[in-house]
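Breakdown of the fold
Below are the chains, spelled out letter by letter.
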Amino acid sequence: MAIQWFPGHMHLTRKAIGERIKDIDVVIEMLDARLPGSSANPMLAELIQGKPGLKILSKQDLADPAQTTAWLAHYNALPDVRALGLDTSMVSPAKALIDACQQLAPHRGGMVKPMRVLICGIPNVGKSTLINTLKGKRAAKTGDEAGVTKLEQRITLADDFYLYDTPGVLWPRIIVAQSGYNLAASGAIGVNAFDEEEVALELLNYLIAHYPEALEARYKIKDVPSHIDETMLEAIARQRGAIQSGGRVNTTKAAELVIHDFRSAALGRVTLETPAEFALWLAEGKKADAERTLRKEGSKKAKKQARE
């Protein structure tokens, strides 16, 4: 299954970012610390035109601390990029954000040349929550539903620091299959765009390999590594009483439970990808996408020749 989700308002956001970027000094991209690679928008690289970038790993209090450290090191090693971890415990996020942007664009500042920053990210990554924290009030509507923010707004963080907020935006086509599953598990994709059972199975497949102790602690299931995703989902269903008439397990109910437990951190602090894993997935996705393009072009050429 290939998960895709690109509502109409996201086309408008893409256009708005393309127009706004001309006057921007630094681009902040918020990433989900549980899936930093999958939550990074490849469409932005095309739109930001080489502007300095600040990567903010949000929800790091839900993510594996060791993997967050690895991802921050990965991004901080890139040219013209800085990365910060962010969670609800940060006392003064505005100061950290402003300081990082000034390091990336030291020539900007003061009333003559105010810092102009664009903040963007995928839906439900915590962007509106951050903005409300920065402003100290409900400047932006928040919610756990993908695609809450619909319009651009400007926020003044200091007399010489303007922050432009944009709606959450995904990209027109997700070429990394695992990213689609991870984004769905995190809540970045509308619930009608994916099958919860299939997403839960992919999630369990990763958790069995990387976080077996978390599954054992949460669901009281022994010898987790001996399970595959399907048998684990059935075991969770039985353990939690998700049983239908005739003694059949309700795997749909169990899938909903697993996804909810991941999102709420009931499974503990979990990260669904390492920098090395995502690099491999991305390379495979690009190769498959190139092959798909060639097949599509070949099919068009064959149809054209048939008509001639």
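Data block above holds the structure.
Quick look at the structure, then. Please read all numbers here as calculations on a predicted model, not as lab measurements.

One non-glycine residue, Lys220, lies in the positive phi region at around 55°. Residue class for Lys220 comes out exposed when judged on its relative accessible area of 56%. In the Ramachandran plot, Ala265 falls in the positive-phi region, its phi being about 65° despite a non-glycine side chain. Along the chain, Ala265 falls in the loop between α10 (251-263) and α11 (275-307). Take Ala265: its relative accessible area is 22%, and that puts it in the partly exposed class.

The subject of this paragraph is the environment of Ser264. The residue Ser264 is located in the loop between α10 and α11 in this model. For the pair Ser264 and Leu62, spaced 202 residues apart in sequence, the C-alpha to C-alpha distance is 8.0 Å. Polar contacts involving the side chain of Ser264 include one to the main-chain carbonyl oxygen of His260, which spans 2.9 Å.

Attention shifts here to the packing of aromatic side chains. The geometry of two aromatic rings is summed up by the distance between their centres and the angle between their planes. Scanning the entire structure with this criterion turns up one aromatic pair. Just above the ring of Tyr164 sits the side chain of Arg20; from NZ or CZ to the centre is 4.2 Å. Residue placement shows Arg154 over the ring face of Tyr162; its charged tip is 4.1 Å from the ring centre.

Taken as a whole, this structure holds eight salt bridges when the rule is applied. Between Asp165 and Lys127 there is a salt bridge whose closest N-O contact spans 2.6 Å. Here Lys127 lies in helix α5 (residues 127-135) and Asp165 lies in strand β6 (residues 161-165), a separation of 38 residues in the sequence. Lys127 matches Asp165 in its accessibility class, with the two residues each being buried. Put simply, Asp261 and Arg218 hold a salt bridge, and the shortest N to O gap is 3.1 Å. On the criterion of sequence distance, the pair formed by Asp261 in helix α10 and Arg218 in helix α8 (residues 212-219) is long-range, its members being 43 residues apart. With a relative accessible area of 28%, Arg218 lands in the partly exposed category. The network of salt bridges with shared partners includes Asp25, Arg108 and Arg116.

We now examine the packing of helix α7 (residues 196-210) against helix α9 (residues 229-239). Contact geometry for α7 and α9: axes closest at 9 Å, N-to-C directions at 105°. Overall, the two elements α7 and α9 adopt an arrangement that is roughly perpendicular. Together, Glu197, Leu201, Leu204, Asn205 and Ile208 of α7 and Asp229, Glu230, Met232, Leu233 and Ile236 of α9 make up the contact between the two elements. By residue class, the composition of the contact of α7 with α9 is six nonpolar, one polar and three charged.

Now for helix α3 (residues 65-76). Each turn of an α-helix holds 3.6 residues, which means side chains three or four residues apart point in the same direction. Over its 12 residues, α3 extends 16 Å from the first C-alpha to the last, a length consistent with the 16 Å expected when each residue adds 1.5 Å. For α3, the set of buried residues is Gln67, Thr68, Trp71, Leu72 and Tyr75. The arc that holds every buried residue of α3, seen down its axis, measures 140°, which confines them to one face. Elements that come into contact with the buried residues of α3 comprise β1 (26-32), β2 (53-58), β3 (81-85) and α11.

Cut-off values and rules
Residues numbered from 1 in each chain as written. Predicted model: local features only at pLDDT ≥ 70, side-chain atom pairs only at ≥ 80, totals over all residues. Heavy atoms only, no water. Buried < 20%, exposed > 50% of the residue type's maximum accessible area, 1.4 Å probe, protein only. Helix = DSSP H or I, 4+ residues; strand = E, 2+ residues; numbered from the N terminus. Polar contact = N/O pair within 3.5 Å; in protein donor to acceptor, adjacent residues only side chain to side chain. Phe/Tyr/Trp six-rings, centres within 6.5 Å; stacked < 30°, edge-to-face > 60°. Lys NZ or Arg CZ within 6 Å of the ring centre and 35° of its normal. Salt bridge = Lys/Arg side-chain N within 4 Å of Asp/Glu carboxyl O. Axes fitted to C-alpha atoms, helices over the stretch in contact; angles between N-to-C directions. Parallel < 35°, antiparallel > 145°, perpendicular 65-115°, else oblique. Contact = heavy atoms within 4.5 Å. Nonpolar A, V, L, I, M, F, W, Y, C, P; charged D, E, K, R; others polar. Expected span 1.5 Å × (residues − 1). Arc of directions from axis to C-beta.

Remember that the coordinates give geometry; whether it matters functionally is a separate question.
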